[in-house]
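Each chain, written out:
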Amino acid sequence: MRIGMALSYSGGFKETVEELADYEKAGLDIVYVAEAYSFDAVSQMGYIAARTERVEIASGILNIYSRTPTAIAQTAAGLDYVSDGRFTLGIGASGPQVIEGFHGVPYTAPLGRTREIIEICRKVWRRERVQHDGRYYHLPLPEGQGTGLGKALKLINHPVRPDIPIMVAAIGPKNVELTAEIANGWEPIFYVPEKAADVWGPSLAAGKAKRDPALGELDVVGQSPLAIGDDVMGFLEFGRPMAALYIGGMGAKGKNFYNDLARRYGYEREAEEIQDLYLDGKKDEAAAKVPQELLEKMSLIGSEGHVRERLAAMKESGVTTLNVAPIAGDHKGRLALIEKVKEMAAGL
């Protein structure tokens, strides 16, 4: 099981990257850089590539709407080049609030667009002349659109790898099925190992049944906050505001994927209460309604024995990469957590 860590996108990035060299020495396998509606992730990943030597670098995630498919492919090839083949392209649909609100692009056909973007990216990396006549993307533009001067071009540079790994962030049944069919990796959110088979098992099975064996096994990326000790259970509370934000505020009634996931986990009443309170501006009350069981099951917080049990549950459920958020008072403490969880995972 690989151990990864996400870098914060809310500030202090340069200082965080200064510390990343220590995590790299401690055995961190992969680092994820989010974008959301903060600074772009691409420039920051290039900076990380220049300041590290071994750790893999992944976008976590680039949305599929704000860049053209070929721009996504160029970006991935460029990052793979400056990192000497250490890049993973993480993509996802994001949501209507960000895509339509921040980017001003209609949030349409996330599944169809994801499939076509992956097809186009792989053509670019193989240095084929990019010709694509899909439902959502046409390269070059067909006759009657634009000037008519578009040419089928291939990437000038020779990529380090013609098969850069692609990870898709997905939680909906159809999107998870698509991911299991065509992607190298899958990153769900709010991952509860005991419920994963019931919620996602049929979708994963359906996708894998159509999967090209050449893709290899699907890398399953589970996310968990991490704290180890006899007096750390209080850190579970740190997860309440974010869970409430996603379950309650990331979308309108009937248009919130994370709320849907909470319901599929069996928290129908709580999901409805959280959403009603959050949309009514009562964020603290919404956070208080997040089920304690949910916080506990998707976390690696507790005594060393408890964390070992949770790690084993993650592995048993199919997780192959663990994206952790170490919680400690200082850099030394967070570094010790990465070293410890790396050691514990190796012993499973």
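Refer to the preceding data block for the structure.
The model shown is predicted, which means the values in this text are computed figures rather than measured ones.

### A look at the overall build of the protein chain
Then step 1. Of regular secondary structure, the protein chain possesses 14 helices and 12 strands.
Then step 2. Radius of gyration (C-alpha) of the protein chain: 20 Å, near the 20 Å computed for a compact globule of 348 residues.
Then step 3. Principal-axis analysis of the C-alpha atoms gives the protein chain an extent of 65 × 45 × 40 Å.
Then step 4. Expressed as a percentage of its 348 residues, the buried residues of the protein chain come to 49%.
Then step 5. Here the analysis covers contacts within the protein chain between residues at least 6 apart in sequence; of these, 75% occur between residues at least 24 apart.
Then step 6. Working note: accessible area of the protein chain is about 16300 Å², and carbon and sulfur atoms make up 53% of it.
Then step 7. In the protein chain, 40 side chains carry a positive charge and 47 a negative one; their mean positions are 5 Å apart.

### Here we look at the packing of helix α1 (residues 13–25) against helix α14 (residues 331–346)
Then step 1. α14 packs onto α1 with a crossing angle of 35° between their chain directions and a minimal axis gap of 9 Å. The way α1 lies across α14 gives a crossing that is right-handed. Judged by residue contacts, E19, D22 and Y23 of α1 engage H331, R334, L335 and I338 from α14.
Then step 2. Residue composition of the contact of α1 with α14, grouped by class: three nonpolar, one polar and three charged.

### With respect to the packing of aromatic side chains
Then step 1. A full pass over the atoms with the stated rule returns 10 aromatic pairs.
Then step 2. Where W186 meets W200, the ring centres are 5.2 Å apart and the plane angle is 80°; that geometry is what we call edge-to-face. Placement of W186 in strand β9 (residues 185–187) and of W200 in helix α7 (residues 193–209) is noted, with a sequence separation of 14 residues between them. A single burial state applies to W186 and to W200, both of which are buried.

### Some points on the side chain of T321
Then step 1. Mapping T321 onto the fold places it in strand β12 (residues 321–326).
Then step 2. Once you skip the residues sitting within four places of it in the chain, T321 turns out to touch M1, R2, I30, Y32, D219, V220, V221 and G222.

### Let's talk about α14
Then step 1. The end-to-end C-alpha distance of α14, which contains 16 residues, comes to 23 Å, matching closely the 22 Å that a straight helix rising 1.5 Å per residue would cover.
Then step 2. Listed as buried for α14 are H331, L335, L337, I338, V341, M344 and A345.
Then step 3. Summarising the contacts, the buried residues of α14 are in contact with β1 (2–7), α1, β10 (219–228), α13 (304–317) and β12.

### So, the side chain of E35
Then step 1. Considering the arrangement of structural elements, one finds E35 in the loop between β2 (30–33) and α2 (41–51).
Then step 2. If near-sequence neighbours (up to four positions away) are discounted, E35 is found in contact with D40, A41, V42, I61, L62, N63 and R67.

### Observations concerning a nonpolar patch on the surface
Then step 1. Side chains of Y81, V82 and V160 sit close together on the surface and give an oily, nonpolar patch of about 300 Å² of accessible area.
Then step 2. Checked against the element boundaries, Y81 lands in helix α3 (residues 69–82).
Then step 3. Given a relative accessible area of 57%, Y81 falls into the exposed group.

### Comments concerning the packing of α2 against α3
Then step 1. Following both chains from N to C, one finds α2 and α3 inclined at 15°, their axes separated by 9 Å at the closest point. Overall, the two elements α2 and α3 adopt an arrangement that is roughly parallel. As α2 packs across α3, the resulting crossing turns out to be right-handed. Touching V42, M45, G46 and A49 of α2 are T75, L79 and V82, all from α3.
Then step 2. Partitioned by chemical class, the residues of the contact of α2 with α3 number five nonpolar, two polar and no charged.

### Observations concerning the nonpolar core
Then step 1. Formed by 98 residues in total, the largest nonpolar core has its most connected members in L28, I48, L89, W125, W186 and W200.
Then step 2. Those residues in contact with W200 that lie beyond four places of it in its chain are I171, V176, W186, P188, I189, Y191, L261, R264 and Y265.
Then step 3. I30, Y32, A58 and M167 belong to the second largest nonpolar core, which has five residues in total.

### Topic: the pattern of salt bridges
Then step 1. Following the criterion strictly, the structure yields 20 salt bridges and no others.
Then step 2. A salt bridge links D219 to R2; the shortest N-O distance between them is 2.8 Å. You can see D219 sitting in strand β10 and its partner R2 sitting in strand β1, a full 217 residues away along the chain.
Then step 3. Given a relative accessible area of 18%, D219 falls into the buried group.
Then step 4. Judged by its relative accessible area of 23%, R2 falls in the partly exposed class.
Then step 5. Linking E128 and R126 is a salt bridge whose minimum nitrogen-to-oxygen distance equals 2.6 Å.
Then step 6. For R126, a relative accessible area of 44% corresponds to the partly exposed category.

Conventions and cut-offs
Residues numbered from 1 in each chain as written. Predicted model: local features only at pLDDT ≥ 70, side-chain atom pairs only at ≥ 80, totals over all residues. Heavy atoms only, no water. Helix = DSSP H or I, 4+ residues; strand = E, 2+ residues; numbered from the N terminus. Rg over C-alpha atoms; globule rule 2.2 N^0.38 Å. Buried < 20%, exposed > 50% of the residue type's maximum accessible area, 1.4 Å probe, protein only. Contact = heavy atoms within 4.5 Å. Areas by Shrake-Rupley, 256 points an atom, 1.4 Å probe, with all protein chains shown as cover. Lys, Arg positive; Asp, Glu negative; His and termini not counted. Charge placed at Lys NZ, Arg CZ, Asp CG, Glu CD. Axes fitted to C-alpha atoms, helices over the stretch in contact; angles between N-to-C directions. Left-handed = near helix turned anticlockwise from the far one by under 90°. Nonpolar A, V, L, I, M, F, W, Y, C, P; charged D, E, K, R; others polar. Phe/Tyr/Trp six-rings, centres within 6.5 Å; stacked < 30°, edge-to-face > 60°. Expected span 1.5 Å × (residues − 1). Patch = residues over 30% accessible without salt bridge, like charges linked within 9 Å, V, L, I, M, F, W, Y side chains within 5 Å. Salt bridge = Lys/Arg side-chain N within 4 Å of Asp/Glu carboxyl O. Parallel < 35°, antiparallel > 145°, perpendicular 65-115°, else oblique. Core = buried A, V, L, I, M, F, W, Y, C linked by side-chain atoms within 4.5 Å.

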